[in-house]
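So the chains spell out like this:
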Amino acid sequence: MNRWPLLMGAMRPLLCLMLVVSPGQQSRTVDPPRSPIHFTPRSIPFSLDSCETAQRHAPETMAGGVAVFDYDNDGNLDIFFTNGADITTLKKDSPKYSNHLFHNNGDGTFTDVTEKAGLAGTGYDIGVAIGDYDNDGYEDIFVAGVYRNTLYHNNGDGTFTDVTEKSGLARIDKEYGPLWSVGAAWVDVNNDGLLDLFVVNYMSWNVNKEPPCTFEGKAEYCHPKFYKELPNQLFLNMGNGKFVDVSAESGIRAHPGKGMGVGVADYDGDGLPDIFVSNDKLFNFLFHNKGNARFEEVAFEAGVALPQHGNLISGMGVDFKDLNNDGYPDIVIVALDNETFPVFQNDGKGGFVEITSRTGMTALSNPMSAYSPNIADFDNDGWKDIFVSRGHVQSPNMAGRSQIDQPNTVFRNLGGNKFSALTEEAGFTALPPKRHRGAAVGDFNHDGKLDVVVTALSAPAEIWMNDSPDGNHWLELALQGTKSNRDGIGAKIKIVAGGRTQFDQVSHAAGYASSSAGPVHFGLGTANVADEIEIRWPSGTKQVLKDVPADRVLHIKEPKSS
């Protein structure tokens, strides 16, 4: 029975009373309070094409890495999108599969410069990692893909050169054959001032040997259990433009998995960067750096191999940053519906405690599916929030069983111990829900608020301009290493402002298959001055600045001595 006519009939007298206005009184509309974090969508002429077919080949649902970085050193953050290819040949045989580089015009609008840059690509590309591997002052691009990875050297004139063969990164694995890579991270594992490369590999796949998986008589993307694991890889930078595969000697190769995300941070404070890998329906990996490019896998000992409930989850992207301002980086993973988004808090003693339920994240995230978590302070209140690009791994054919297309969400940090989920409130329902994938963060229009760019399968990319309420101050640090790697990756930053202390570690790896390589951003709340900034560079040099005015990008060069 339709209850609405009965309810409306009962309420009609009340409504009439409500509509009577006393003489001299004026009716007025009260604007709802603005959300503390809010975004407005802006278009960009790129659509992700993964060559989705009726056969549902696994790579078709895993595409979509994106990077934010300043490729031409003009002070504006540009955007690079990876794209798919023909799924049977793994070749970009149509312009619709082209990767794209967009130049920031300085005001948050963008111009496509792909052709000039030489970055259209050739294969089925998925992930991207940004880093200046040769310390020449220009950011280079590593693209991870199916059966082929590509290293593009930035020539410094707006063009790039494919140096994959010359660098030693094109060799086929003798045991596993061609690999499917989904992402990577630039990290100086031995603190020699040269960025090394960690590559995340997913699973063994062959287009001609796809397992037969169906739903209601139609082909559907298969569970990862039907595919074999692959080892991740570590390539050591030799300083002459060449890399050496040290995966076996380092201990990395001994742990094959189904990697989906990589986060880098020195979690135990020993001065060496450690590497976390989120796995799909397998135990996660935490590679503890023992020095001299040697690692031990300690995920179980550290308490991050599994969520507290003990079930394997569809671990997607990951971020590895300090959420509670205690100086120790924490871990956030996203997964699929009914799996939650685990939050692991660093206990400062070499281990982690899962606080998913305690922070409210269990109830908030349980109905959600997501790919890319990005930890950053989106309201500049001094607490890092979590943006999540949402969307299910399955095809639209399963829309009757699961929510496949989803809006994005930002989890606002309520002081380090609780989160609130903002979706419609943050403006994300201004666009239709989609199967979102990669995401990257940066301030595109120089207003001091972090914006987001997100990809979505078979759909236009989305730029979300941050128009959160004004009032809070901010500071961004653009580091330049001298003895350390030029990007300052691995540097530890402490800022004291307004009676609050915050911490961050420089890393360009975040989320799923993506890279955020802009300056390090700090929200300062009401403080208009940073009382003290302390930087501990990977070289061991300590640098201190005092009484730094807020609301600016501060360029900091590593001193020759502490």
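Note that residues are indexed from 1 along each chain, following the sequence as it is written. Only residues with pLDDT of at least 70 are given local features in this predicted model, and only at 80 or more are side-chain atom pairs given and counted; all residues enter the totals for whole chains, interfaces and linings. No hydrogens and no water enter the side-chain calculation; it runs on all heavy atoms of the structure.

Considerations on unusual backbone geometry
So, point 1. Phi at Cys 51 is positive, roughly 60°, even though this residue is not glycine.
So, point 2. Going along the chain from the N terminus, every DSSP run of H or I of four or more residues is numbered as a helix, and every run of E of two or more is numbered as a strand. Here Cys 51 is to be found in the loop between strand E1 (39–47) and strand E2 (66–69).
So, point 3. Residue Cys 51 is classed as buried on the basis of its relative accessible area of 12%.
So, point 4. Phi is positive for Asn 135, which is not a glycine, with a value near 55°.
So, point 5. Residue position: Asn 135 is located in the loop between strand E6 (125–131) and strand E7 (140–145). The rule is simple: take the accessible area with a 1.4 Å probe, protein chains only, and divide by the maximum for that residue type; under 20% is buried, over 50% is exposed, in between is partly exposed.

As for the sheet that holds strand E3 (residues 78–81)
Hydrogen bonding along the main chain pairs the strands of a sheet, whether they run parallel or antiparallel.
So, point 1. The sheet built from five strands is open, its strands ordered E5-E4-E3-E2-E34 with mixed pairing. Whereas interior strands pair on both sides, the edge strands pair on one side only; in this sheet they are strand E5 (110–112) and strand E34 (515–516).
So, point 2. Should DSSP find at least two bridges between two strands, the strands are taken to pair. Sheet topology places E2 next to E34; two bridges connect them, and they run parallel. In the sheet register, Val 68 faces E34, and the bridge partner there is Ser 516.

Some words on the pairing of strand E33 (residues 500–505)
Two faces make up the sheet, and in a regular strand the side chains alternate between them.
So, point 1. Note: strand E32 (residues 492–497) against E33, six bridges, orientation antiparallel. Each residue of the ladder has a partner; that of Ile 493, found in E33, is Asp 504.
So, point 2. Following E32, the chain reverses through two residues before pairing antiparallel with E33; Gly 498 in that reversal takes a positive phi of roughly 60°.

Some points on the UniProt feature "domain: ASPIC/UnbV" (unreviewed entry) in the chain
So, point 1. UniProt positions are given in the numbering used here, feature names are shortened, and annotations may be inferred rather than shown by experiment. As annotated by UniProt and renumbered to match this structure, "domain: ASPIC/UnbV" (unreviewed entry) occupies residues 488–554.
So, point 2. As annotated, residues 488–554 has a helix share of 0% and a strand share of 57%, and its two end C-alpha atoms lie 14 Å apart.

Some details on the packing of aromatic side chains
So, point 1. Note on aromatic pairs: the rings of Phe, Tyr and Trp (six-membered ring only in Trp) are paired at centre separations within 6.5 Å, and the planes decide the class, stacked below 30 degrees, edge-to-face beyond 60, tilted for the rest. Under the counting rule described, the total for this entry stands at 22 aromatic pairs.
So, point 2. Ring centres 4.3 Å apart and planes at 10° place the aromatic pair Phe 46 and Phe 81 in the stacked group. Of this pair, Phe 46 sits in strand E1 while Phe 81 sits in strand E3, and the two are 35 residues apart along the sequence.
So, point 3. A relative accessible area of 3% places Phe 46 in the buried class.
So, point 4. Centre to centre, the rings of Phe 428 and Trp 464 are 5.0 Å apart; their planes meet at 80°, and the pair counts as edge-to-face. Placement of Phe 428 in the loop between strand E27 (419–422) and strand E28 (436–442) and of Trp 464 in strand E30 (residues 460–466) is noted, with a sequence separation of 36 residues between them.
So, point 5. Among the aromatic residues, those joined into a cluster by ring pairs are Phe 39, Phe 378, Phe 387, Phe 428 and Trp 464.
So, point 6. Consider the ring centre and the ring normal. A charge sits over the ring if Lys NZ or Arg CZ is within 6 Å of that centre and within 35 degrees of that normal. When the ring centre of Tyr 371 is taken as reference, the NZ or CZ atom of Arg 437 above it lies at 3.9 Å.

As for the pattern of salt bridges
So, point 1. Salt bridges are defined by distance alone: a side-chain nitrogen of Lys or Arg within 4 Å of a carboxyl oxygen of Asp or Glu. Going through the model one piece at a time under the given rule, you end up with 16 salt bridges.
So, point 2. Between Arg 253 and Asp 173 there is a salt bridge, with the nearest N and O atoms lying 2.7 Å from each other. Highlighted residues: Arg 253 in the loop between helix H4 (247–250) and strand E16 (259–265) and Asp 173 in the loop between helix H3 (164–167) and strand E10 (181–187), separated in sequence by 80 residues.
So, point 3. By relative accessible area, which is 22% here, Arg 253 ends up partly exposed.

Re a nonpolar patch on the surface
So, point 1. Like-charged residues within 9 Å of one another, or nonpolar side chains (Val, Leu, Ile, Met, Phe, Trp, Tyr) within 5 Å, are grouped into patches, provided each residue has over 30% relative accessible area and no salt bridge. Note on areas: Shrake-Rupley, 1.4 Å probe, and residue coverage restricted to the protein chains presented here. On the surface, a nonpolar cluster with roughly 280 Å² of combined accessible area is contributed by Phe 283, Phe 300 and Leu 312.
So, point 2. Along the chain, the position of Phe 300 falls in helix H5 (residues 299–302).

Points about the domain arrangement of the chain
So, point 1. For the chain, the domain assignment lists domain 1 (55–466) and domain 2 (473–557).
So, point 2. Using C-alpha coordinates to define each centre, domain 1 is positioned 22 Å away from domain 2.
So, point 3. Contact residues are listed per partner, giving 64 residues for domain 1 and 34 residues for domain 2.
So, point 4. The term buried area refers to how much accessible surface (probe radius 1.4 Å) is lost by two components on association, counted for both of them together. Summing both partners gives a buried area of about 3400 Å² for domain 1 against domain 2, and 48% of it is carried by carbon and sulfur.
So, point 5. Our count for the domain 1 to domain 2 interface comes out at two salt bridges.
So, point 6. Here Asp 504 makes a salt bridge to Lys 321, at a shortest N to O gap of 3.1 Å.
So, point 7. What qualifies as a polar contact is a pair of N or O atoms within 3.5 Å, subject to a donor-acceptor requirement within protein and to the restriction that residues adjacent in sequence count only when both atoms come from side chains. At the boundary of domain 1 and domain 2, one finds 23 residue pairs in polar contact (both at pLDDT 80 or more).
So, point 8. At six residues, the largest contribution of residues to the side of domain 1 that touches domain 2 is made by E6. Boundary definitions for the domains trace back to an automatic or database domain assignment. For this analysis, residues touch if any pair of their heavy atoms sits within 4.5 Å.

A short note on the environment of Ser 389
So, point 1. Along the chain, Ser 389 turns up in strand E25 (residues 385–390).
So, point 2. By relative accessible area, Ser 389 is classed as buried at 0%.
So, point 3. On a C-alpha basis, the gap between Ser 389 and Ser 372 in space is 5.2 Å, while along the polypeptide they are 17 residues apart.
So, point 4. With residues up to four places along the chain from it excluded, the contact list for Ser 389 reads Ala 370, Tyr 371, Ser 372, Asn 408, His 436, Arg 437, Ala 439 and Val 454.

A closer look at the sheet that holds strand E11 (residues 196–201)
So, point 1. Strands sit in the order E10-E11-E14-E15 across an open sheet of four strands; the sheet is antiparallel. Both edges of this open sheet fall to E10 and strand E15 (243–245), since each of them pairs with a single strand only. For this sheet, the mean inter-axis angle between neighbouring strands, taken without regard to orientation, is 25°.
So, point 2. Where E11 meets strand E14 (residues 233–237), three bridges bridge the pair, whose relative direction is antiparallel. Considered in E14, the bridge of Phe 198 is made with Leu 234. Note on geometry: axes are lines fitted to C-alpha atoms, helical ones only across the stretch in contact, with angles between N-to-C directions running from 0 to 180 degrees.

Some words on the nonpolar core
So, point 1. Here, nonpolar core refers to any group of buried Ala, Val, Leu, Ile, Met, Phe, Trp, Tyr and Cys residues whose side-chain atoms link them within 4.5 Å. Trp 180, Phe 198, Trp 205, Ile 275 and Ile 386 are the most contacted members of the largest nonpolar core, which has 58 residues in total.
So, point 2. Residue assignment for this core shows that the elements contributing at least two residues are E10, E11, E14, E16, strand E17 (274–279), strand E18 (285–291), strand E24 (370–376) and E25.
So, point 3. Counting 35 residues, the second largest nonpolar core, distinct from the first, contains Ala 144, Leu 151, Val 163 and Phe 243.

Examining the state of the cysteines
So, point 1. We call a pair of cysteine sulfur atoms a disulfide whenever their separation is within 2.5 Å. In total, this model carries one disulfide according to the counting rule given.
So, point 2. The residue that forms a disulfide with Cys 213 is Cys 222, at a sulfur-sulfur distance of 2.0 Å. In this structure the cystine formed by Cys 213 and Cys 222 twists about its S-S bond by roughly 115°; its chirality is therefore right-handed.
So, point 3. Overall, Cys 213 belongs to the buried group, its relative accessible area being 14%.
So, point 4. Considering cysteine sulfurs only, Cys 222 is the nearest to Cys 51, which forms no disulfide, with 17 Å between them.

Observations concerning the side chain of Asp 377
So, point 1. Locating Asp 377 in the fold gives a position in the loop between E24 and E25.
So, point 2. Despite its burial, Asp 377 pairs with no opposite charge, the nearest such side chain being Arg 500 at 6.7 Å.
So, point 3. Within the structure, the side chain of Asp 377 is placed 2.9 Å from the backbone nitrogen of Asn 380, a separation counted as a polar contact.
So, point 4. Contacts of Asp 377, omitting those with residues within four sequence positions, involve Gly 382, Trp 383, Lys 384, Asp 385, Leu 450, His 521 and Gly 523. Charge assignment in this entry is limited to Lys and Arg as positive and Asp and Glu as negative, and neither His nor the chain termini are counted.

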